[in-house]
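Results of the structural survey
Residues per chain, in single letters:
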Amino acid sequence: MQQGIVGISAFLYRFQAWGECWDFLGVTPRRKLANGIGGAKSANGIGGAKFASGIANPPVWSHFRAVPAHQDQCADIKVRITLMKQEPDDGTTLNDCAGRPTTSTLVLLIVLTFIAMAASAELVLSEIQTLKHPAEHLGCDLNPLIGCSASLTTWQAHLLFGIPNALVGVGLFAGLAGVFLAWCSGQIPRWLGVLIEAGLTGGMVLIAFFLHQSIFEFTKLCPFCFIVWTCTIILWVQLGAALMRLGWLFPGTGFARIWTAQRWLITAIILLLIVLVVAVTLSDKLVYLF
């Protein structure tokens, strides 16, 4: 009889300990059976402090899998927590959650900044060549529609205290490249990312101004300028999408979700609008393209 009571007590103790494990993990409601039977011992056996240190504030881990294991006949239970990695369901990635865009996005941003910097440097060299030899034909002067010599020495090309816009562009794109390279190895402050996007927004306004001047003042299109404009547009859209995925711009809004999901479509629409404007306003010179 005594052995039977001991066996039932051990069973109830084991059952209670299992219930406490599942209750701690939030898997099933706690089974409050056999109150007082081994309560303190089971609580100590679970090791609450050990669990707390193991799963405290997991940044991107969501599911837990508990695997109880009996240590001895006294029914002490240890629970091994297996953290199962899960991508967020809002289109972000693990790097986004960590405060950094994906590697592919950063590589794209870096490549674009270097291309824009190279095109700006070519404009600087072309202007120097024009100042030295005004009558010399530049390599960017392809036909009556495409050419850069007509605008290199004008006031529109020296908006900042007479400094060539191309030279300013070289410095700005070099700085952007440095920031994006640093972002590959760590995080940057939120204010810096937002500031860069604000600067690119200002660049979009300048693109509209330069496009207007190219069409109605010079009636020519600068090829290197077009390269810089294209890179700036893609940078503006892609960096904006990355910041929205990070929650740094318009967090949780429908605008951010649409912009992030349709970022390449938005880029294509902007570039297509520029092409259409040029085709309509300079239609009489399109023949030089063929």
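Given the structure is predicted, the values throughout are model-derived calculations rather than measurements.

1. Let's talk about the overall build of the protein
The number of helices and strands found in the protein is 10 helices and two strands. Secondary structure elements of the protein, listed N to C terminal, follow the sequence α-α-α-β-β-α-α-α-α-α-α-α. In the protein, which comprises 290 residues, the share counted as buried stands at 38%. Here the protein has roughly 16400 Å² of accessible surface; of this, 67% comes from carbon and sulfur atoms.

2. Some details on the packing of helix H7 (residues 190-218) against helix H10 (residues 263-281)
The description of two helices packed together rests on the angle between their axes and the distance between the axes. Between H7 and H10, whose axes approach to 10 Å, the crossing angle comes to 15 degrees. In terms of their interaxial angle, H7 and H10 are classed as roughly parallel. In terms of crossing hand, the pair formed by H7 and H10 is right-handed. Residues Met204, Leu211, Ile215 and Phe216 of H7 pack against Ile270, Ile274, Val277, Val278 and Thr281 of H10. Split into classes, the residues belonging to the contact of H7 with H10 amount to eight nonpolar, one polar and no charged.

3. Quick notes on the confidence of the model for the protein
Detailed conclusions should not be drawn from predicted coordinates in areas where pLDDT is low. When pLDDT is averaged across the protein, the result is 76; 66% of the residues are at 70 or more. In the model, residues 10-15 has pLDDT below 50 throughout and makes 15 contacts with residues more than four positions away in sequence or in other chains. In the model, residues 17-97 has pLDDT below 50 throughout and makes 111 contacts with residues more than four positions away in sequence or in other chains.

4. Focus: the packing of aromatic side chains
Given two aromatic rings, one states the distance between the centres and the angle between the planes to describe the pair. Following the criterion strictly, the structure yields seven aromatic pairs and no others. Taken together, a centroid distance of 5.2 Å and an interplanar angle of 80 degrees make the contact between Phe250 and Phe255 edge-to-face. We classify Phe250 as partly exposed; its relative accessible area is 44%. A network of ring pairs unites the aromatic residues Trp236, Phe250, Phe255 and Trp259 as a single cluster.

5. Some thoughts on the nonpolar core
One finds Phe180, Trp183 and Leu239 to be the most contacted residues of the largest nonpolar core, which totals 55 residues. Secondary structure elements with two or more residues in this core: helix H5 (103-132), helix H6 (165-185), H7, helix H8 (223-246), helix H9 (254-261) and H10. Sorting elements by how many residues they give to this core places H8 first, with 14 residues. Once residues within four sequence positions are removed from consideration, Phe180 is found in contact with Leu106, Leu109, Ile110, Thr113, Leu235 and Leu239.

6. Focus on unusual backbone geometry
For Phe161, which is not a glycine, the phi torsion comes out positive at approximately 55 degrees. By the element assignment, Phe161 lies in the loop between H5 and H6. With phi around 45 degrees, Phe250 is a residue other than glycine that occupies positive phi space. Structurally, Phe250 is set in the loop between H8 and H9.

7. A word on the UniProt feature "transmembrane region" (unreviewed entry) in the protein
As recorded in UniProt, the feature "transmembrane region" (unreviewed entry) lies at residues 106-125, 159-182, 188-211, 223-244 and 264-282. Helix makes up 75% of residues 159-182 and strand 0%, whereas the separation of the span's terminal C-alpha atoms amounts to 30 Å. Helix makes up 100% of residues 223-244 and strand 0%, whereas the separation of the span's terminal C-alpha atoms amounts to 32 Å.

8. As for the side chain of His158
Along the chain, His158 turns up in the loop between H5 and H6. Of note is the side chain of His158, whose polar atom sits 2.6 Å from the side chain of Glu127. A distance of 2.8 Å separates a polar side-chain atom of His158 from the backbone oxygen of Thr154. His158 has contacts with Glu127, Leu152, Thr153, Ile163, Pro164 and Asn165, leaving out every residue within four places of it along the chain.

9. Some details on the side chain of Thr102
Here Thr102 shows up in the loop between helix H4 (94-97) and H5. Within the structure, Thr102 has its side chain in polar contact with the side chain of Ser104 (distance 3.3 Å).

Calculation notes
- Residues numbered from 1 in each chain as written.
- Predicted model: local features only at pLDDT ≥ 70, side-chain atom pairs only at ≥ 80, totals over all residues.
- Heavy atoms only, no water.
- Helix = DSSP H or I, 4+ residues; strand = E, 2+ residues; numbered from the N terminus.
- Buried < 20%, exposed > 50% of the residue type's maximum accessible area, 1.4 Å probe, protein only.
- Areas by Shrake-Rupley, 256 points an atom, 1.4 Å probe, with all protein chains shown as cover.
- Axes fitted to C-alpha atoms, helices over the stretch in contact; angles between N-to-C directions.
- Parallel < 35°, antiparallel > 145°, perpendicular 65-115°, else oblique.
- Left-handed = near helix turned anticlockwise from the far one by under 90°.
- Contact = heavy atoms within 4.5 Å.
- Nonpolar A, V, L, I, M, F, W, Y, C, P; charged D, E, K, R; others polar.
- pLDDT = per-residue confidence, 0-100.
- Phe/Tyr/Trp six-rings, centres within 6.5 Å; stacked < 30°, edge-to-face > 60°.
- Core = buried A, V, L, I, M, F, W, Y, C linked by side-chain atoms within 4.5 Å.
- UniProt positions renumbered as here; feature names shortened; annotations may be inferred.
- Polar contact = N/O pair within 3.5 Å; in protein donor to acceptor, adjacent residues only side chain to side chain.

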